[in-house]
Amino acid sequence: MRVLCVFPAAMPSSNSRPPACLALVALFLALLLHLSLSSQAGDRRPLPVDRAPGLKEKTLILLDVSTKNPVRTVNENFLSLQLDPSIIHDGWLDFLSSKRLVTLARGLSPAFLRFGGKRTDFLQFQNLRNPAKSRGGPGPDYYLKNYEDDIVRSDVALDKQKGCKIAQHPDIMLELQREKAAQMHLVLLKEQFSNTYSNLILTEPNNYRTMHGRAVNGSQLGKDYIQLKSLLQPIRIYSRASLYGPNIGRPRKNVIALLDGFMKVAGSTVDAVTWQHCYIDGRVVKVMDFLKTRLLDTLSDQIRKIQKVVNTYTPGKKIWLEGVVTTSAGGTNNLSDSYAAGFLWLNTLGMLANQGIDVVIRHSFFDHGYNHLVDQNFNPLPDYWLSLLYKRLIGPKVLAVHVAGLQRKPRPGRVIRDKLRIYAHCTNHHNHNYVRGSITLFIINLHRSRKKIKLAGTLRDKLVHQYLLQPYGQEGLKSKSVQLNGQPLVMVDDGTLPELKPRPLRAGRTLVIPPVTMGFYVVKNVHALACRYR
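Residues numbered from 1 in each chain as written. Predicted model: local features only at pLDDT ≥ 70, side-chain atom pairs only at ≥ 80, totals over all residues. Heavy atoms only, no water.

Quick notes on the overall build of the chain
Phase 1: Within the chain, the secondary structure is distributed over 11 helices and 23 strands.
Phase 2: Counting the 534 residues in the chain, one finds 53% classified as buried.
Phase 3: A separation of at least 24 residues holds for 80% of the contacts in the chain among residues at least 6 apart in sequence.
Phase 4: Looking at the chain as shown, the accessible area adds up to about 26,200 Å², and 51% of this sits on carbon and sulfur atoms. (Helix = DSSP H or I, 4+ residues; strand = E, 2+ residues; numbered from the N terminus. Buried < 20%, exposed > 50% of the residue type's maximum accessible area, 1.4 Å probe, protein only. Contact = heavy atoms within 4.5 Å. Areas by Shrake-Rupley, 256 points an atom, 1.4 Å probe, with all protein chains shown as cover.)

The following block contains the structure:
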């Protein structure tokens, strides 16, 4: 289209304008605007925006850590272990007879070792050799066989090897404790227990009705703990024993009511308040469930509920997550024992320490369903290697993390759940490869794309050691083998764990986190004030 406007050769005045021609030009411009908008209505693609060469949207995340003071300090035995009583269903398994298993256990020291679980409520300690199973009528389902030979000898062996401290569950349900007090007292007085368990834990009272047909309320449970404590104090070897409880399940409304009644009566009696957590039903779990941020965040809400009740009656009382599994019903083969389950486990460790939980006990170290760290053939699984790295690199002091560019702009009604999770601790001071004052980051990337992190502030231009843990083999996220910085992790022999070799990164280099992976990053020579002293 072409518009021709003819102006007169002579103008009577400088202010004179051709009204007809101006109207025609205005009409032409309006028509062009209309056609332009109409042509864009069917094309919703965003208009190209000029960017600096090499710059991609949300590529770089700036990361700094507060190094002056720790925000939390957890127990030296923060990551601890549990053995499930299912291993004695057909007789006690003397796991210390396996050099390989002892080597694996020693790698995760120092730790508490808890022997317990739901079946413990149906075990009866007998001061006899190889007692026969109870036949018919009420009574325990299983008996501990060779109690003096196996359990006591195992405990002493663990102590000599400086492997773990024992946290032990009594043989009775507490609402029946009054009926069995005399029997228990006699057992505790036996000479063969002179070197045995220094700590006592009790199991899931909120499920007693389901398991045994009898219920117990919180206040009665508290009175039973007080009575148990009074039984232990006169006995020399138990006079300084620690008592933990009430070991409730998921803090729903009725469970919180039980905990409230218990804390009101016996909050000052226990040395730490305990509860258990299971993330997902093992019968319906899928591999992608382990990548859901909503699932990872369920634990945080439970922590707040427990802390609210505990701080009401005994502010500052230690809290333990005394049994944690990724999936219920014993777990799922090729899922809860795979690399994918590690995202839940590592996030659990980071979240618990960050929110002030003193100890977490992993259920189970060995031979219980598919939630274990070591399988029935004494082969370490992905969560074992993850736990080993955690033990080697992470110290008890928790540091605050500051990031920029991590979250998207929030929209009304939408909760931003981070798929990139970053935690920071002082590096383990027992690790002599790093001087005091170093900091260890551990990072979980649930994104389908790699993420770049630039260290800033006190971490800028520091040397970094990378420990990147990825699945090994064709199974991908379902793999039961892992590689560290590209090298598969396997035991050298039954008595030797492999060397965990880092990949050094030059000072100032951007950290590149591959998609759907997790790793540890030691920032050397930060001289962090919070980390220079124990």
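From this point, the discussion proceeds with the structure in view.
Regarding the state of the cysteines
Phase 1: Applying the stated criterion across every chain, the model contains one disulfide.
Phase 2: Here Cys426 pairs with Cys531 through a disulfide, and the sulfurs are 2.0 Å apart. Taking the sign of the S-S torsion, about -75° here, the bridge from Cys426 to Cys531 comes out left-handed. With a gap of 105 residues between them, Cys426 in strand β15 (residues 420–427) and Cys531 in the segment after β23 (517–523) connect regions that are remote in the sequence. Each member of the pair, Cys426 as well as Cys531, is classed as buried. (Disulfide = S-S within 2.5 Å.)

Details of the packing of aromatic side chains
Two aromatic rings, taken as a pair, are described by how far apart their centres are and by the angle between their planes.
Phase 1: Here the structure, examined in full by the defined rule, presents 10 aromatic pairs.
Phase 2: Taken together, Phe78, Tyr390, Tyr423, Phe442 and Phe520 form an aromatic cluster joined through their ring pairs.
Phase 3: The ring of Trp345 carries the charged tip of Arg362 above its face, separated from the ring centre by 4.8 Å. (Phe/Tyr/Trp six-rings, centres within 6.5 Å; stacked < 30°, edge-to-face > 60°. Lys NZ or Arg CZ within 6 Å of the ring centre and 35° of its normal.)

Details of the sheet that holds strand β17 (residues 451–455)
Phase 1: Sheet architecture is open: four strands sit in the order β14-β1-β17-β22, paired in mixed fashion. Edge positions in the sheet fall to β14 (401–404) and β22 (511–513), since each has one partner strand and no second. Between one strand axis and the next, the sheet turns through 30° on average, direction left out of account.
Phase 2: Summarising the sheet, β17 and β22 pair through three bridges and their orientation is antiparallel. If you follow Lys452 over to β22, its bridge partner there is Val512. (Pairing = 2+ DSSP bridges. Axes fitted to C-alpha atoms, helices over the stretch in contact; angles between N-to-C directions.)

With respect to the pairing of β17
Phase 1: Of the two faces of β17, the one holding Lys451, Ile453 and Leu455 is buried and the one holding Lys452 and Lys454 is not buried anywhere.
Phase 2: Summarising the sheet, strand β1 (residues 60–65) and β17 pair through four bridges and their orientation is parallel. Paired with Leu60 across the strands is Lys452, a residue of β17.

So, the packing of helix α2 (residues 99–107) against helix α11 (residues 382–393)
Phase 1: Packing of α2 against α11 leaves a shortest axis separation of 9 Å and a crossing angle of 45°. On the basis of the axis angle, α2 is oblique to α11. Where α2 approaches α11, its residues Thr103, Leu104 and Gly107 are matched on the opposing element by Tyr384, Leu388 and Lys391.
Phase 2: Residue classes in the contact of α2 with α11 are distributed as three nonpolar, two polar and one charged. (Parallel < 35°, antiparallel > 145°, perpendicular 65-115°, else oblique. Nonpolar A, V, L, I, M, F, W, Y, C, P; charged D, E, K, R; others polar.)

A short note on the nonpolar core
Phase 1: Membership of the largest hydrophobic core comes to 93 residues, with the highest contact counts inside it found for Trp275, Phe365, Tyr384 and Phe520.
Phase 2: Element by element, the count of residues in this core is highest for helix α10 (residues 342–354), at eight residues.
Phase 3: Discounting residues that sit within four places of it in the chain, Phe520 has contacts with Leu346, Leu386, Leu389, Tyr390, Leu393, Ile394, Thr440, Leu441, Phe442, His465, Gln466 and Tyr467.
Phase 4: Leu399, Ile443, Tyr521 and Ala530 belong to the second-largest nonpolar core, a separate cluster that totals 25 residues. (Core = buried A, V, L, I, M, F, W, Y, C linked by side-chain atoms within 4.5 Å.)

What to know about α11
Phase 1: The terminal C-alpha atoms of α11, which comprises 12 residues, lie 17 Å apart, in line with the 16 Å expected from a rise of 1.5 Å per residue.
Phase 2: Among the 12 residues in α11, 11 count as buried, and that is most of the element.
Phase 3: Of the residues making up α11, those classed as buried are Pro382, Asp383, Tyr384, Trp385, Leu386, Ser387, Leu388, Leu389, Tyr390, Lys391 and Leu393. (Expected span 1.5 Å × (residues − 1).)

Overview of the pattern of salt bridges
Phase 1: For the coordinates displayed, the defined rule picks out nine salt bridges.
Phase 2: Lys305 is paired through a salt bridge with Asp301; the nearest N and O atoms lie 3.5 Å apart. Here Lys305 pairs with Asp301, and both are found in helix α9 (residues 298–313), just four residues apart, close to one helical turn.
Phase 3: Look at the salt bridges and you will find they share partners, linking Asp301, Arg304 and Lys305 into a network. (Salt bridge = Lys/Arg side-chain N within 4 Å of Asp/Glu carboxyl O.)

Structural notes on unusual backbone geometry
Most peptide bonds are trans, and most residues other than glycine sit at a negative phi.
Phase 1: With omega at 0°, the peptide bond leading from Ser109 into Pro110 counts as cis.
Phase 2: Among the secondary structure elements, Pro110 is positioned in the loop between α2 and β4 (112–115).
Phase 3: A positive phi is found at Asn485, a non-glycine position, where the angle reads about 50°.
Phase 4: For Asn485, a relative accessible area of 22% puts it in the partly exposed group.
Phase 5: Positive phi, close to 55°, is recorded for Asn525, a residue that is not glycine.

Brief notes about the environment of Asn333
Phase 1: Within the secondary structure, Asn333 is located in the loop between β11 (319–327) and α10.
Phase 2: Assessed through its relative accessible area of 36%, Asn333 is described here as partly exposed.
Phase 3: For the pair Asn333 and Tyr370, spaced 37 residues apart in sequence, the C-alpha separation works out to 5.8 Å.
Phase 4: Contact partners of Asn333, with chain neighbours within four places excluded, come to Tyr370 and Lys480.

Remember that the coordinates give geometry; whether it matters functionally is a separate question.
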